[in-house]
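In case you want the letters, here they are:
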Amino acid sequence: MPYPNEAPPFDAAADRYDADELGNRVLVHMRGRFFEQLRLAFAPGARLLELGSGTGTDAARLTSERGCRVALLDVSPRLLERAVTKVRAAGAGSLLGAHLLGAGSVRELTAVYGKDFFDGAYSNFGPLNCEPELEPVAAGLAELVRPGGSLVLSLINRWCPPEVAWFALRGHLSDATRRWRGPVMAAAYPGGPKDLPTFYYSRREIEHSFRRTFRVEHVEALPLLWPPPYLDFLVAPVERLLRALEPVERWAAKLPVFRDLGDHVLMRLRRR
């Protein structure tokens, strides 16, 4: 990967990242579901590592609500700067470190923290989809996360029927099948240039990459009934219905077959 020796595409999103998310119903819904898994996985006061910190929204909330201490990792200097500011504001002494590094190089942090230092690690909204292989991420986390520690991961899924239907009905067959065809060039932020290599992973591929040192405890589609975030404009007319169907969404999203069909796949794993 070219980072961090040159400014990554995510730098351009730094100034608009939080505002774009707050205005997107799907992203707000997805982050809420993700944080539920963080609460289940990590005890108050846990030492945690975030892969792809963005602007630090999850880290700051873990710090303020759970008293956790966090180390941040991201490829974007501007996003990392904002994340550091958020975490420090959320709690004194809560920042363990900030590292300009890709997730595939996370093993390098063993020299900084030592083995088994962290109680867990997490990654939200697909930073791991920037990695051409997940095995180096798994190997690095196996050294950094103590036995019995947890991972919570949200990756962009290979199989997303709403996306296929949306593009196919408009005759855009190339876009409808883009996730099936290996890496594609995608935008780092809505409306941005398609200059970011993106790798789509299925639930089975993720499990296979982590299987040697982590066991899967929970899998769900994220979301299942809601459209992908870039189709948020479709939500407004049916938002009340989607919220009324939330119990169905939560139940069905965990079932075999259905758990493999969300825009993202959300997984909780435990270090062997």
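Predicted, not measured: the structure shown is a model, and the values here were computed from it. As a convention, each chain's residues are numbered from 1 in the sequence order in which they are written. For a predicted model such as this one, the threshold for reporting local features is a pLDDT of at least 70, and the threshold for listing and counting side-chain atom pairs is 80 or more; totals across whole chains, interfaces and linings nevertheless cover every residue. Hydrogens and waters are ignored; side-chain quantities use all the structure's heavy atoms.

### Structural notes on the packing of helix 6 (residues 135-144) against helix 9 (residues 203-210)
Helix packing for two helices is described by the angle between their axes and how far apart those axes are. One can describe the packing of helix 6 onto helix 9 by two numbers: an axis separation of 8 Å at closest approach and a directional angle of 45°. Classified by the angle between their axes, helix 6 and helix 9 sit oblique to one another. The element helix 6 and its partner helix 9 pack so that their crossing is right-handed. Contact residues: Glu135, Val137, Ala138 and Leu141 in helix 6; His208, Ser209 and Phe210 in helix 9. In terms of residue class, the contact of helix 6 with helix 9 is made up of four nonpolar, two polar and one charged. Axis definition: a line fit to C-alpha positions, over the contact stretch in the case of helices; interaxial angles, taken between N-to-C directions, run 0 to 180 degrees. What counts as a helix is a DSSP run of H or I of at least four residues, what counts as a strand is a run of E of at least two, and both are numbered from the N terminus. If an angle is under 35 degrees, it is roughly parallel; if it is over 145, roughly antiparallel; if it lies from 65 to 115, roughly perpendicular; otherwise it is oblique. Handedness of a crossing is defined here by the sense of rotation of the near helix relative to the far one, left-handed for an anticlockwise turn of less than a right angle and right-handed for a clockwise turn. Here, residues are in contact when the closest pair of their heavy atoms is within 4.5 Å. Each residue receives one of three labels: charged for Asp, Glu, Lys and Arg, nonpolar for Ala, Val, Leu, Ile, Met, Phe, Trp, Tyr, Cys and Pro, and polar for the others, Gly being one of them.

### Overview of the confidence of the model for the protein
Per-residue confidence from the predictor is given as pLDDT, running between 0 and 100. Across the protein, pLDDT averages 93, with 96% of residues at or above 70. Across residues 1-7, confidence stays below pLDDT 50; counting only partners more than four residues off in sequence or on other chains, it has seven contacts.

### Here we look at the nonpolar core
Residues belong to one nonpolar core when they are buried, are Ala, Val, Leu, Ile, Met, Phe, Trp, Tyr or Cys, and are joined through side-chain atoms within 4.5 Å. Accessible area is worked out with a 1.4 Å probe on protein chains only. A residue is then buried under 20% of its type maximum, exposed over 50%, and partly exposed in between. If you look at the biggest cluster of nonpolar residues, it comprises 32 residues, and the most contacted ones within it are Leu49, Leu51, Leu141, Leu151 and Phe210. At the level of elements, strand 1 (47-51), strand 2 (69-74), strand 4 (118-123), helix 6, strand 5 (145-156), helix 9, strand 8 (214-222) and strand 9 (264-271) are the ones that each hand at least two residues to this core. Considering each element in turn, this core owes the most residues, five residues, to helix 6. Aside from chain neighbours lying at most four places away, what touches phenylalanine 210 is Leu134, Val137, Ala138, Leu141, Leu151, Leu153 and Leu269. Of all hydrophobic cores here, the second largest spans 28 residues; its members include Phe34, Ala46, Val70 and Leu222.

### What to know about helix 7 (residues 161-168)
For helix 7, the full list of buried residues reads Glu163, Trp166 and Phe167. Taken end-on, helix 7 shows its buried residues confined to a sector of 85°, consistent with a single buried face. Those residues of helix 7 that are buried are in contact with helix 8 (173-176). The arc refers to the directions leading from the helix axis to the C-beta atoms.

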